[in-house]
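Read off the chains here:
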Amino acid sequence: MILGFFMLTNILSANKPVPHPLHVSTTDINYNAKEGKLEVTCTIFTDDFEAALAKQNHTKTDLVKADMHAAMDVLVKNYMSANVHIRTTAAALGFNYIGFEVDKEAVNVYFESEKTPTPKRIDAEITLLHNLYTDQMNIVHMTVNGTRKSEKLDYPVKKVTQTF
């Protein structure tokens, strides 16, 4: 019955995101051995991400409108560089922002590291949406040579280290 209510609400609201009771993001960090780079995808609920960007930048945000994509690209890139920090055994890595795309109720943000040797250890500091919610959960998945390790970071925890 509850599922039916949410489905009906979703149909009636057309393209409006349905409010959600969880404040969660995921960060996938995958080492691409062929390229020698860490590939990172962060997935965040669109409405939460827009609110975080608006709060940080004191401006109206809309990640869905195509005519605002270029302006939002700048805000997203800056937000991610301030809230996602990754280093390997060697050192802090430089990352190239690739872009973002909206996928239904979520936004996927993509970036990759400069070339780096296969990491034996990855340290990540993830503070996505910490500027909005004190119940924020950030789930971090790290994969190196087919070995995947995951950790859930409950606010205010922001650091995770995995060894491979």
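Attention here is on the structure that accompanies the text. Remember, predicted model here, so these are calculated numbers, not experimental data. (Residues numbered from 1 in each chain as written. Predicted model: local features only at pLDDT ≥ 70, side-chain atom pairs only at ≥ 80, totals over all residues. Heavy atoms only, no water.)

1. Some details on the nonpolar core
Formed by 33 residues in total, the largest nonpolar core has its most connected members in Ile-29, Phe-49, Met-80 and Val-109. At the level of secondary structure, the elements contributing two or more residues to this core comprise strand S1 (24–32), strand S2 (37–45), helix H2 (46–57), helix H3 (69–83), strand S3 (84–88), strand S5 (106–113), strand S6 (121–126) and strand S7 (137–144). For this core, the element with the most residues is H3, which contributes five residues. (Core = buried A, V, L, I, M, F, W, Y, C linked by side-chain atoms within 4.5 Å. Buried < 20%, exposed > 50% of the residue type's maximum accessible area, 1.4 Å probe, protein only. Helix = DSSP H or I, 4+ residues; strand = E, 2+ residues; numbered from the N terminus.)

2. Topic: the side chain of Thr-27
If you trace the backbone, Thr-27 turns up in strand S1. In this structure Thr-27 comes out as buried when scored by relative accessible area, which is 0%. Those residues in contact with Thr-27, other than ones at most four positions away along the chain, are Val-40, Thr-41, Cys-42, Ile-126, Leu-128, Ile-139, Val-140 and His-141. (Contact = heavy atoms within 4.5 Å.)

3. Overview of the pattern of salt bridges
When charged atoms on two side chains of opposite charge get close, those side chains can pair. Applying the stated rule across the entire model yields four salt bridges. Put simply, Arg-121 and Asp-123 hold a salt bridge, and the shortest N to O gap is 2.9 Å. With relative accessibility at 38%, the residue Arg-121 sits in the partly exposed group. The shortest N-O distance in the salt bridge between Asp-154 and Lys-152 comes to 3.1 Å. (Salt bridge = Lys/Arg side-chain N within 4 Å of Asp/Glu carboxyl O.)

4. Points about the sheet that holds S1
Strand pairing in a sheet relies on backbone hydrogen bonds, with the paired strands running either antiparallel or parallel. What the six strands build is an open sheet, ordered S4-S5-S2-S1-S7-S8; its pairing is mixed. What marks the edges here is a single partner per strand, and that holds for strand S4 (95–103) and strand S8 (147–154). Sheet twist, expressed as the average angle between the axes of neighbouring strands with direction ignored, equals 15 degrees. Relative to the sheet, H3 contacts S2, S4 and S5, its axis offset from that of S4 by approximately 125 degrees. (Pairing = 2+ DSSP bridges. Axes fitted to C-alpha atoms, helices over the stretch in contact; angles between N-to-C directions.)

5. With respect to the sheet that holds S6
In spatial order, the strands read S3-S6-S9; together these three strands make up an open sheet with antiparallel pairing. With one partner strand each, in any of the chains shown, S3 and strand S9 (159–163) form the two edges of the open sheet. Averaged over neighbouring strand pairs, the angle between their axes works out to 15 degrees when direction is ignored. The pairing of S3 with S6 spans five bridges and is classified as antiparallel. Across the sheet, the residue bridging to His-85 is Glu-125, located in S6. Sheet contacts for H3: S3 and S6; angle to S3, the most-contacted strand, approximately 50 degrees.

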